[in-house]
Every structure is written in structure tokens, then in C-alpha cells.
Amino acid sequence: KEKIEITKEQQALMKIILDAYNRHQIPQDVAKKLLQDQYSAEENFLLLTEMATSQVQVLVEFTKNIPGFLSLDHEDQIALLKGSAVEAMFLRSAQVFSRKMPKGHTEVLEARIRKSGISEEFMTPMFNFYKSIGELHMVQEEQALLTAITILTPDRPHVKDQHAVERLQESMLDVLRKLCALQHPQEPQYFARLLGRLTELRTLNHYHTEMLTSWRMNDHKFTPLLCEIWDVQ
Ligand SMILES: Cc1cc(OCc2c(-c3c(Cl)cncc3Cl)noc2C(C)C)ccc1-c1ccc2c(C(=O)O)cn(C)c2c1
């Protein structure tokens, strides 16, 4: 039985990532609106757009706290953020569904997503993903590391120095691997299951692009920040 040891510097890295993950959350007033406003498809779309915009801001702050990220080439930093935003947001909203929010909020949020102009064909993979994340019962550290690993994916479009990104991602993957082994000793394949979710996440990118197109076809407007990060309009 190999002795799994998380080194001092890996513990320091873990603490930085976890603090950043917990420090940046959607402001309560935005989350509270979930329960108040009306339920028309229009209202729901606007609320979801507001949450997505707030979530992108949260994501940028989190990313800036990933050790080594700010030392990357500046254009690569942008390419990584644009390339991973949708996946990181699906990961976050899945985690919110599976655990974080007070009971009532989850149903309300699901109802709003289901009635916001997203066609059925994208609902199924989205809620299947939410369910598959929920079934993992990830601890905060695992969620934070998985988000950082998603952001540090080297083969995003337009990334020039992929090796520099790979090195950062590999150090995160090593900590996550050890953490999984320590947290789930009786489930040796748990780490592989987590990485499998990252593959499922990539398929959601494709659906999301179609979702954006269909919203735009119905003349839905996005905020400047979403237009910039998702290259729409
Ligand atoms: C739950 C959701 C949805 C969302 O995006 C909403 C959207 C999506 C889309 C869709 Cl529907 C599902 N998953 C990912 C995408 Cl990105 N695609 O386009 C839009 C808008 C532009 C209509 C953005 C953000 C949250 C979200 C995230 C975190 C929290 C949170 C906390 O951290 O404590 C509390 N609350 C209420 C949260 C809500």
C-alpha cells in the first residue's frame, strides 16, 4: 500500500485555491432575486443572464488567484478564460444544484432554467450533468481543484504556450489525485470518475453554443461581459 503524502507546498496550494473558491460567490441579492421576480420566460432569461454575468466576474477573480496564472502570457490568460468560462459555469451551477443552495432555491432555479427559452434537446444533457455531479458528493477542495483544472486546460483555442499551462494543470491534477485517494480510500477509481466529468463538460460546450444561437435567433440580448467572453454579437 503506497503511502500517499500531500507535501507542504501542495497543502499551501490547496489552501489558496479553496479560499479563492469560497471567497468569490454570487452576491446574495442576485441569488435572492431567484425567489422574488416573476416567472415569465423573459423574466427568467433576464435573471439567468444576470446570474451568468455575475458568475463570470466571480470566475475571473477566482482565476486570478490560481498560483502561476498571472505569470502566464497575457493573451493566453484571456484565451484560457474565454475557452473555459462555459465549462466552469456549468461546473459551478451543477455544484450549486447538488448541494449549496437552500432546498427551495434549487426547485425555483430549475423551474427558471426550464422556462427560459432553452429547447428540450439541451435541457436533458444539462440536467443529466447536474445529476452526475451531484452523485459524486464532492468536497469543497475537490470542487475548487476541479474548477482550476478546467480553467487550466492547455488545448483551448489560441493558447500559444500550452506547455506553461500544462505544467500548472499537472500540479493541480497531482494534488487532486492525492486528495481523492485520501478522501475516498475505498473508491480507487474516484479520481478517474472526476476526470470523466471534465470530458462530459466539453460536450456541454457544444450544446451551449447552440443555446446561444437559438436565444439570439429570438432576439434575446446578453450583457457586454457575456458578449465578450462568449464571442456573441
Ligand atoms: C445556475 C446559474 C446559471 C448561470 O447561467 C445561466 C446561463 C447559462 C447556463 C445555464 Cl442555463 C446553466 N449552466 C451554465 C450556464 Cl453558463 N447559459 O446562458 C445563460 C444566461 C446567459 C441565459 C450562471 C450562474 C448560475 C449560478 C451559479 C452559482 C450560483 C450560486 C452560488 O455560487 O452560491 C447561487 N446561485 C443562485 C448561482 C447561480
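Please refer to the structure placed before this passage.
Read on for an overview of the structure. (Residues numbered from 1 in each chain as written. Predicted model: local features only at pLDDT ≥ 70, side-chain atom pairs only at ≥ 80, totals over all residues. Heavy atoms only, no water.)

1. So, the site of the ligand
Right, so step 1: Lining the immediate environment of the ligand, one finds 25 residues, of which Phe90, Arg92, Ser93, Tyr130 and His208 sit closest.
Right, so step 2: At 3.1 Å from an oxygen atom of the ligand is found a side-chain nitrogen or oxygen belonging to arginine 92.
Right, so step 3: In this structure, serine 93 approaches the ligand through a side-chain N or O atom, which is 3.1 Å from a nitrogen atom.
Right, so step 4: The set of elements that each furnish at least two residues to the shell around the ligand consists of α3 (41-64), α4 (74-100), α6 (120-134) and α9 (190-217).
Right, so step 5: The residue makeup of the shell around the ligand, split by class, is 18 nonpolar, five polar and two charged. (Near = heavy atom within 4 Å. Polar contact = N/O pair within 3.5 Å; in protein donor to acceptor, adjacent residues only side chain to side chain. Helix = DSSP H or I, 4+ residues; strand = E, 2+ residues; numbered from the N terminus. Nonpolar A, V, L, I, M, F, W, Y, C, P; charged D, E, K, R; others polar.)

2. What about the packing of aromatic side chains?
Right, so step 1: In total, this model carries eight aromatic pairs according to the counting rule given.
Right, so step 2: Ring plane angle 80° and centroid distance 6.0 Å describe the contact between tyrosine 21 and phenylalanine 62, whose orientation is recorded as edge-to-face. Note that tyrosine 21 is positioned in helix α1 (residues 8-23) and phenylalanine 62 in helix α3, a separation of 41 residues in sequence.
Right, so step 3: Take phenylalanine 62: its relative accessible area is 4%, and that puts it in the buried class.
Right, so step 4: Centroid distance phenylalanine 97 to phenylalanine 127: 5.9 Å. Interplanar angle 90°. Geometry classified as edge-to-face. Taken together, the positions of phenylalanine 97 in helix α4 and phenylalanine 127 in helix α6 put the pair 30 residues apart, joining distant regions of the chain.
Right, so step 5: When its relative accessible area of 12% is taken as the criterion, phenylalanine 97 is described as buried.
Right, so step 6: The structure contains a cluster of three or more aromatic residues connected by ring pairs, namely Phe45, Trp215 and Phe222.
Right, so step 7: Sitting above the plane of the phenylalanine 127 ring, arginine 114 keeps its charged end 4.1 Å from the centroid. (Phe/Tyr/Trp six-rings, centres within 6.5 Å; stacked < 30°, edge-to-face > 60°. Buried < 20%, exposed > 50% of the residue type's maximum accessible area, 1.4 Å probe, protein only. Lys NZ or Arg CZ within 6 Å of the ring centre and 35° of its normal.)

3. As for the environment of serine 71
Right, so step 1: Structurally, serine 71 is set in the loop between α3 and α4.
Right, so step 2: Residue classification places serine 71 among the exposed positions, given a relative accessible area of 65%.

4. Side note on the packing of helix α8 (residues 162-183) against α9
Any two packed helices are characterised by how steeply their axes cross, that is the angle between the axes, and by the distance between the axes.
Right, so step 1: At a minimum axis distance of 8 Å, the contact between α8 and α9 shows a crossing angle of 135°. Compared by their axis directions, α8 and α9 come out oblique. The residues of α9 that touch α8, namely those facing Leu173, Leu176, Arg177 and Cys180, are Tyr190, Phe191, Leu194 and Leu195.
Right, so step 2: By residue class, the composition of the contact of α8 with α9 is seven nonpolar, no polar and one charged. (Axes fitted to C-alpha atoms, helices over the stretch in contact; angles between N-to-C directions. Parallel < 35°, antiparallel > 145°, perpendicular 65-115°, else oblique. Contact = heavy atoms within 4.5 Å.)

5. Some points on the pattern of salt bridges
Right, so step 1: Considering all chains together, one arrives at 15 salt bridges under this definition.
Right, so step 2: Close ionic contact of arginine 202 with aspartate 155 constitutes a salt bridge, the shortest N to O distance being 2.8 Å. Of this pair, arginine 202 sits in helix α9 while aspartate 155 sits in the loop between α7 (140-151) and α8; the two residues are 47 residues apart in sequence, bridging distant segments of the chain.
Right, so step 3: Notably, a salt bridge pairs arginine 197 with glutamate 200, separated by 2.9 Å at the nearest N-O pair. Note that arginine 197 and glutamate 200 are positioned in helix α9 at a spacing of three residues, about one turn of the helix.
Right, so step 4: Among the residues examined, glutamate 200 registers a relative accessible area of 21% and is labelled partly exposed.
Right, so step 5: One salt-bridge network, in which partners are shared between bridges, spans Asp73, Glu75 and Lys160. (Salt bridge = Lys/Arg side-chain N within 4 Å of Asp/Glu carboxyl O.)

On their own, these measurements won't tell you what the molecule is for.
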